[in-house]
Amino acid sequence: MSTLITNIAELMTQDAEHRVLKDAAVVIEGERVSWIGRATDAPAADDAVDAGGRALLPGWVDSHTHLIFAGDRTAEFEARMAGEEYSAGGIAVTTEATRNTSDYDLTRLAQGRIAEAVSQGTTYLETKTGYGLDIEQEARSARIASTVADEVTYLGAHLVPAGVDPDEYTKLACGPMLDAVLPYARWADVFCEKGAFTEEQSRAVLQASRDAGLGLRVHGNQLGHGAGVRLAVEFGAASVDHVNYLSGQDIADLAATWSGWDAAAGTGTRGTVATCLPACDLSTRQPLAPGRKLLDAGVPVALASNCNPGTSYTSSMAYCVTTAVLQMGLSVHEAVRAATYGGALALRRESGNDVDGERAVGSIAVGHRADLHVLNAPSATHLAYRPGMPLTHAVWRAGVRAR
């Protein structure tokens, strides 16, 4: 079954050529994109959809979320808005609620959050464990996550539970807990931050996770200068996320990890992506991550929602794109790229085609997964020009219309 989407005013491919096509069309065949080009040159297809002069983007790739949770933290949010400083300790409130929620309800809650994200144009997303914090609960969270999300990250090293020795808990996170989540997770993460895990403890988690065959990510440099970026570079992590407080050396070190990467061709050795989480920055009243400086230094940037109950209870990638343009100094094209191709690069899913059988996401090209987002606007500029407006008109996820 093939579908032709035609009468596209602006098609932003976010592929290696950074193409922006006018008066364009796309053909979907099964789960893949089979043709793109000018609408006047479009081949016949089994079905046709008139985009009505609207813009078409790749679906958002949300590379950092925490969707497996229960409970409510509005009191914490209200206190923070009243001037209290954010600390990592609020995670414990969610942990208690999550542990006391059934598998059925925890799955239903996560599915609802993903449905919200898809309705706003997100077509591929990662989510983490980290609200269980014991062997049984972390394994349960990973198992549930594997049934609802595209990518699963083990974050047993999210916070040390109250009354537990930090070093003993780190050993648990590096051993039996890690073993329990391995059937479900592709990635491991660690919250390397004051109030969470020290540099030494974070290094132990990353080493054990790498030895177990998991890809690596790091929560780093969120609340102040620290070891997060340094560890991410040392271990070759796919991404370091938050990155609010970066020294010139941190940025230079991240840039150096991309010295073997050919950005135009999308070939070579990938480095560490800097993932910015602007919705979280606004909620925690931290300085916005220096996305402009990172891009100018040659560091690929991803934008992600960080959807979680404490510091960023939103899955709106459009909100993140708008913030990146209006407050972080990114152009519309750069922000959209960070929220699509950048997220895919952070998840190592930016490549793949008919030849290798693993379809790329985050860009529109022949052979890539047909994850498409039609805006109710003639161009992507409207995402920043009309902030806060519900601009998603239609969504295809792996070739299936989801909205």
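Residues numbered from 1 in each chain as written. Predicted model: local features only at pLDDT ≥ 70, side-chain atom pairs only at ≥ 80, totals over all residues. Heavy atoms only, no water.

Considerations on helix H7 (residues 199-211)
Moving on, step 1. Helix length check: H7, at 13 residues, gives a terminal C-alpha distance of 18 Å against a target of 18 Å (1.5 Å per residue), a fit within 8%.
Moving on, step 2. Residues of H7 that are buried include every one of Gln-201, Ser-202, Val-205, Leu-206, Ala-208 and Ser-209, and no others. Along the long axis of H7, the arc covered by the buried residues comes to 165°, so they all point the same way. Facing away from the buried side of H7 by over 90 degrees, the exposed positions are Glu-200 and Asp-211.
Moving on, step 3. One or two positions beyond H7, positive phi appears at Gly-213, with a value near 95°. (Helix = DSSP H or I, 4+ residues; strand = E, 2+ residues; numbered from the N terminus. Expected span 1.5 Å × (residues − 1). Buried < 20%, exposed > 50% of the residue type's maximum accessible area, 1.4 Å probe, protein only. Arc of directions from axis to C-beta.)

Some thoughts on the sheet that holds strand S15 (residues 372-375)
Moving on, step 1. Read from one edge to the other, the open sheet built from 7 strands follows the order S3-S2-S1-S4-S15-S16-S17, with strand pairing classed as mixed. Of all strands in the sheet, those bounded by a partner on one side alone are strand S3 (32-38) and strand S17 (400-401).
Moving on, step 2. Relative to strand S16 (residues 392-397), S15 runs antiparallel, the two sharing 4 bridges. Bridged to His-373 within S16 is Val-395. (Pairing = 2+ DSSP bridges.)

Structural notes on the pairing of strand S10 (residues 239-242)
Moving on, step 1. The sheet contact formed by strand S9 (residues 215-220) and S10 spans 4 bridges and is parallel. By the bridge assignment, Arg-217 is partnered in S10 with Ser-239.
Moving on, step 2. Read as a crossover between parallel neighbours, the route from S9 over helix H8 (residues 228-234) to S10 is right-handed. (Right-handed = clockwise from strand over helix to strand, strands pointing away.)

Notes on the packing of aromatic side chains
Moving on, step 1. All told, the structure shown has 4 aromatic pairs when counted by the stated rule.
Moving on, step 2. For the ring pair Phe-69 and Tyr-313, a centre distance of 5.6 Å and an interplane angle of 70° mean the geometry is edge-to-face. Taken as a pair, Phe-69 in the loop between strand S5 (60-62) and helix H1 (74-81) and Tyr-313 in the loop between strand S14 (301-303) and helix H12 (317-327) lie far apart in primary sequence, 244 residues in all.
Moving on, step 3. For Phe-69, a relative accessible area of 0% translates into the label buried.
Moving on, step 4. A centroid spacing of 6.2 Å and a plane angle of 40° characterise the contact between Tyr-169 and Phe-197, whose relative ring orientation is tilted. In this pair, Tyr-169 sits in helix H5 (residues 166-174) while Phe-197 sits in the loop between strand S8 (187-192) and H7, placing the two residues 28 residues apart along the sequence. For the pair formed by Tyr-169 and Phe-197, the shared burial category is buried.
Moving on, step 5. Site record: aromatic cluster; members linked through ring pairs are Phe-69, Tyr-131 and Tyr-313. (Phe/Tyr/Trp six-rings, centres within 6.5 Å; stacked < 30°, edge-to-face > 60°.)

Some points on the pairing of strand S4 (residues 47-58)
Moving on, step 1. Across 7 bridges, strand S1 (residues 2-12) lies against S4 in parallel orientation. When the sheet's bridge partners are listed, Glu-10 is paired in S4 with Ala-55.
Moving on, step 2. Relative to S15, S4 runs antiparallel, the two being bridged by 3 bridges. Of the residues in S15, the one forming a bridge with Leu-56 is Val-374.

Section: the nonpolar core
Moving on, step 1. One finds Val-243, Leu-294, Val-336 and Leu-383 to be the most contacted residues of the largest nonpolar core, which totals 82 residues.
Moving on, step 2. Residues contacting Val-336, with those up to four places away along its chain left out, are Met-12, Gln-14, Leu-57, Trp-60, Val-321, Ala-380 and Leu-383.
Moving on, step 3. Among the nonpolar cores identified, the runner-up in size contains 17 residues, and Leu-11, Val-26, Ala-51 and Ala-370 belong to it. (Core = buried A, V, L, I, M, F, W, Y, C linked by side-chain atoms within 4.5 Å. Contact = heavy atoms within 4.5 Å.)

Considerations on the sheet that holds S14
Think of a sheet as strands paired side by side through backbone hydrogen bonds, with each pair either parallel or antiparallel.
Moving on, step 1. Reading across the sheet, the 8 strands line up as S5-S6-S7-S8-S9-S10-S13-S14 and stay open at both edges, with parallel pairing between neighbours. A strand with exactly one partner marks an edge of an open sheet, and here the two such strands are S5 and S14. Neighbour to neighbour, the strand axes of the sheet diverge by 25° on average, direction disregarded.
Moving on, step 2. Along the sheet, helix H4 (residues 135-148) contacts strand S6 (122-128) and strand S7 (151-157); its crossing angle with S7, the most-contacted strand, is approximately 165°.
Moving on, step 3. Here H7 sits on the sheet in contact with S7, S8 and S9, set at roughly 180° to S8. (Axes fitted to C-alpha atoms, helices over the stretch in contact; angles between N-to-C directions.)

Describing unusual backbone geometry
Moving on, step 1. Even without being glycine, Val-243 reaches a positive phi, approximately 45°.
Moving on, step 2. Note on placement: Val-243 falls in the loop between S10 and helix H9 (248-256).
Moving on, step 3. You can call Val-243 buried: its relative accessible area is 0%.
Moving on, step 4. In this structure, Ala-398 takes a positive phi of about 55° despite not being glycine.
Moving on, step 5. The residue Ala-398 is located in the loop between S16 and S17 in this model.

Concerning the environment of Ala-346
Moving on, step 1. For Ala-346, the position within the fold is in helix H14 (residues 341-346).
Moving on, step 2. Measuring from C-alpha to C-alpha, the distance between Ala-346 and Ala-227 comes to 20 Å, with 119 residues separating the pair along the chain.

Examining the packing of H12 against helix H13 (residues 332-339)
Moving on, step 1. Following both chains from N to C, one finds H12 and H13 inclined at 140°, their axes separated by 9 Å at the closest point. Of the two elements, H12 crosses H13, and the hand of that crossing is right-handed. Together, Met-317, Val-321, Ala-324 and Val-325 of H12 and Val-332, Ala-335, Val-336 and Ala-339 of H13 make up the contact between the two elements.
Moving on, step 2. Class assignment of the residues belonging to the contact of H12 with H13 gives a composition of 8 nonpolar, no polar and no charged. (Left-handed = near helix turned anticlockwise from the far one by under 90°. Nonpolar A, V, L, I, M, F, W, Y, C, P; charged D, E, K, R; others polar.)

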